[in-house]
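Summary of the model geometry
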Amino acid sequence: MQPINPWLSRFAKLLVASTFCLIFLGGMVTSVNAGLSVPDWPTSYGYNMFTFPISRWVGGVFFEHTHRLLATCVGLMMTVLVAWIWRNRWAVPAALVVCFVATGAVAIALPHLPALSGPAHALTRGLIIMHVNIWSFAAAFVVMLLTSERDRWRYGEAWLQWLGFGAFLLVCVQGTLGGLRVTEVSTVLAMIHACTAQAFLCLTVVMAAALSPWWQTAAFPTRASRQGVPAVKGLAWTLVGAVYCQLMIGAVMRHLHAGLSIPTFPLAFGQIIPPMLNERVALNFAHRVGALIVTLLTIAVVVTVCTVARRHERLWRAAIGLACVVAIQIVLGAYVIWEAREPVITSLHVVNGAGVLTMSLLLALRATKLNSLLQPESRTWSQAQYQEAHA
């Protein structure tokens, strides 16, 4: 294993920041109902994605098209990060060559097939070409990674390589889902696309954490006690699961346009528990209940850190950050209702929800790392007794 390159760590953090920007843009696409402002894919009104005239980036087209461009950049950044971790300098160039050859061959051959010829099948041909483009690149990249000397040249721990491998495949799936959401005009695919985005964010956060200087300097056990750390670890991972479920409920609610099914806050139709008039009201109320559960779990985590694990600076700093983003999320959620789903506020609520997931995941990762390095309290006490007895 090679020492972590500091620029590799910075690049991983840049990828996390770019993913947050992508989630915000995705939130804006949904908030302004711009998901089908560009009705074709992979082209944009018949243009190549990268040659689409800037003069036509207006209204909902601006958000949808910039979302596509940034998604492409994030996918390329993930590819570079994985190749960098595996220390494989040929994976990206070889994949690009295979991708260009395969895509060009398919683009030339498809118009000559009787079943796909003519302008009526232009959208189908474009869809096939884009799938060949994505998955020929992915296949070549994967082959190059798997045929390299992984154990000799890798950066970081072995599991980090395979996590990056999975993240690369996930971003390819995410790109395909985004395209199919447009071509199939599918709300269900839009929901899955939103949930997959949060899963991808989690993978980038784990990779950035594992490549951070602290993770590397904390690579050896210490003689300090881990009292309270297991409790923080359990609560933090429970919170991660609760936040992710809450984000999935929120994604379903947004795509079903149920955000204002209960138009008042903090009470619901003047009551604590509203009458379940329809499934949208029930979904909206479930999101509010989920917010309450996340808030209570956050309080439990912060109190636990401050009472039994306050000696660990990395834990209480993450706990304070978590408490701040949860407080901001509550305020933003209230303003989403009070301002009748104003697009910017709603999108900030979405991206800050991703921030809550990130902070809870960071806290869980740090607690897990410390728990594996620090000694149990009983062992430390026995050692102290032994030294006292033989002083």
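Residues numbered from 1 in each chain as written. Predicted model: local features only at pLDDT ≥ 70, side-chain atom pairs only at ≥ 80, totals over all residues. Heavy atoms only, no water.

1. Here's the deal with the packing of aromatic side chains
What the rule picks out here adds up to 14 aromatic pairs. With 5.8 Å between their ring centres and 50° between their planes, Phe11 and Trp84 make a pair best called tilted. Taken together, the residues Phe11 in helix α1 (residues 6-31) and Trp84 in helix α2 (residues 60-86) connect sequence positions 73 residues apart. Residue Phe11 is classed as buried on the basis of its relative accessible area, which comes to 18%. (Phe/Tyr/Trp six-rings, centres within 6.5 Å; stacked < 30°, edge-to-face > 60°. Helix = DSSP H or I, 4+ residues; strand = E, 2+ residues; numbered from the N terminus. Buried < 20%, exposed > 50% of the residue type's maximum accessible area, 1.4 Å probe, protein only.)

2. Things to note about the packing of helix α7 (residues 187-210) against helix α12 (residues 343-373)
Between α7 and α12, the shortest axis-to-axis distance is 10 Å and the interhelical angle comes to 40°. Between α7 and α12, the crossing angle belongs to the class labelled oblique. Every pair of crossing elements has a handedness; the one defined by α7 and α12 is right-handed. Residue-level inspection shows Gln198, Leu201, Cys202, Val205, Val206 and Ala209 of α7 in contact with α12, the latter providing Ala354, Leu357, Thr358, Leu361, Leu362 and Leu365. Residue composition of the contact of α7 with α12, grouped by class: 10 nonpolar, 2 polar and no charged. (Axes fitted to C-alpha atoms, helices over the stretch in contact; angles between N-to-C directions. Parallel < 35°, antiparallel > 145°, perpendicular 65-115°, else oblique. Left-handed = near helix turned anticlockwise from the far one by under 90°. Contact = heavy atoms within 4.5 Å. Nonpolar A, V, L, I, M, F, W, Y, C, P; charged D, E, K, R; others polar.)

3. A few points about the confidence of the model for the protein chain
Do not read the predicted coordinates in detail wherever pLDDT is low. When pLDDT is averaged along the protein chain, the result is 86; 91% of the residues meet or exceed 70. In the model of the protein chain, helix α13 (residues 377-389) stands out as the element of lowest mean pLDDT, 45, in contrast to helix α9 (residues 229-255), which has the highest, 94. With pLDDT under 50 throughout, residues 377-387 is counted as low confidence; its partners more than four residues away or in other chains account for 8 contacts. (pLDDT = per-residue confidence, 0-100.)

4. Topic: the nonpolar core
Buried together is how nonpolar side chains tend to be arranged in soluble globular proteins. Leu81 and Leu322 are the most contacted members of the largest nonpolar core, which totals 84 residues. Ranked by residue count, the leading element in this core is α12, at 13 residues. Setting aside residues up to four positions removed in sequence, Leu322 forms contacts with Leu239, Thr298, Val301, Val356, Met359, Ser360 and Leu363. (Core = buried A, V, L, I, M, F, W, Y, C linked by side-chain atoms within 4.5 Å.)

5. With respect to the layout of surface pockets
For the second largest pocket, the calculated volume is near 280 Å³. Lining the second largest pocket are 13 residues, with Lys13, Ala209, Ser212, Leu362 and Arg366 positioned closest to its centre. Those elements giving two or more residues to the lining of the second largest pocket turn out to be α1, α7, α8 (213-217) and α12. Taken together, the residues that form the lining of the second largest pocket break down as 8 nonpolar, 2 polar and 3 charged. (1 Å grid on protein atoms, 1.4 Å probe; cavity = no way out; pocket = protein on both sides within 12 Å on 5 of 7 lines; lining within 4 Å. Points joined across faces, edges and corners; volume = space filled by probe spheres on them.)

6. Description of a nonpolar patch on the surface
Judged by side-chain polarity, Phe265, Val331, Tyr335 and Trp338 come together as a nonpolar surface patch covering roughly 390 Å² of accessible area. Among the structural elements, Tyr335 can be located in helix α11 (residues 313-338). (Patch = residues over 30% accessible without salt bridge, like charges linked within 9 Å, V, L, I, M, F, W, Y side chains within 5 Å. Areas by Shrake-Rupley, 256 points an atom, 1.4 Å probe, with all protein chains shown as cover. Salt bridge = Lys/Arg side-chain N within 4 Å of Asp/Glu carboxyl O.)

7. Re the state of the cysteines
Per the counting criterion, the structure on display carries 0 disulfides. Not engaged in a disulfide, the cysteine Cys73 finds its nearest cysteine sulfur in Cys21; these two sulfurs lie 11 Å apart. Among the residues examined, Cys73 registers a relative accessible area of 39% and is labelled partly exposed. Cys172 takes part in no disulfide bond, and the closest cysteine sulfur to it belongs to Cys99, at a distance of 10 Å. Look at Cys172 and you get buried, because its relative accessible area is 7%. (Disulfide = S-S within 2.5 Å.)

8. A closer look at the packing of α2 against helix α4 (residues 122-146)
The angle between the axes and the distance between the axes are what describe a pair of packed helices. α4 packs onto α2 with a crossing angle of 10° between their chain directions and a minimal axis gap of 11 Å. Taken together, the axes of α2 and α4 lie roughly parallel to each other. On α4, the residues that touch Thr79, Val82, Ala83 and Trp86 of α2 are Phe137, Phe141, Leu145 and Leu146. For the contact of α2 with α4, a count of residues per class yields 7 nonpolar, 1 polar and no charged.

9. Description of α4
With 25 residues, α4 extends 36 Å between its outermost C-alpha atoms, agreeing within 8% with the 36 Å of an ideal straight helix rising 1.5 Å per residue. For α4, the set of buried residues is Arg125, Gly126, Leu127, Met130, Ile134, Ser136, Phe137, Ala138, Ala140, Phe141, Val142 and Leu145. (Expected span 1.5 Å × (residues − 1).)

10. Observations concerning the environment of Ile330
Examined against the element boundaries, Ile330 turns out to sit in helix α11. Classification of Ile330 as partly exposed rests on a relative accessible area of 41%. In the structure, Ile330 is positioned 23 residues away from Gly353 in sequence and 9.7 Å away in space, judged by C-alpha atoms.

11. Focus on α1
Compared with the 38 Å implied by 1.5 Å per residue over 26 residues, the 38 Å span of α1 between its first and last C-alpha is a close match. Where α1 begins, the capping side chain belongs to Asn5, and its oxygen is found 2.8 Å from the backbone nitrogen of Trp7. In the stretch just after α1, Asn33 is the one whose phi turns positive, near 55°. (Polar contact = N/O pair within 3.5 Å; in protein donor to acceptor, adjacent residues only side chain to side chain.)

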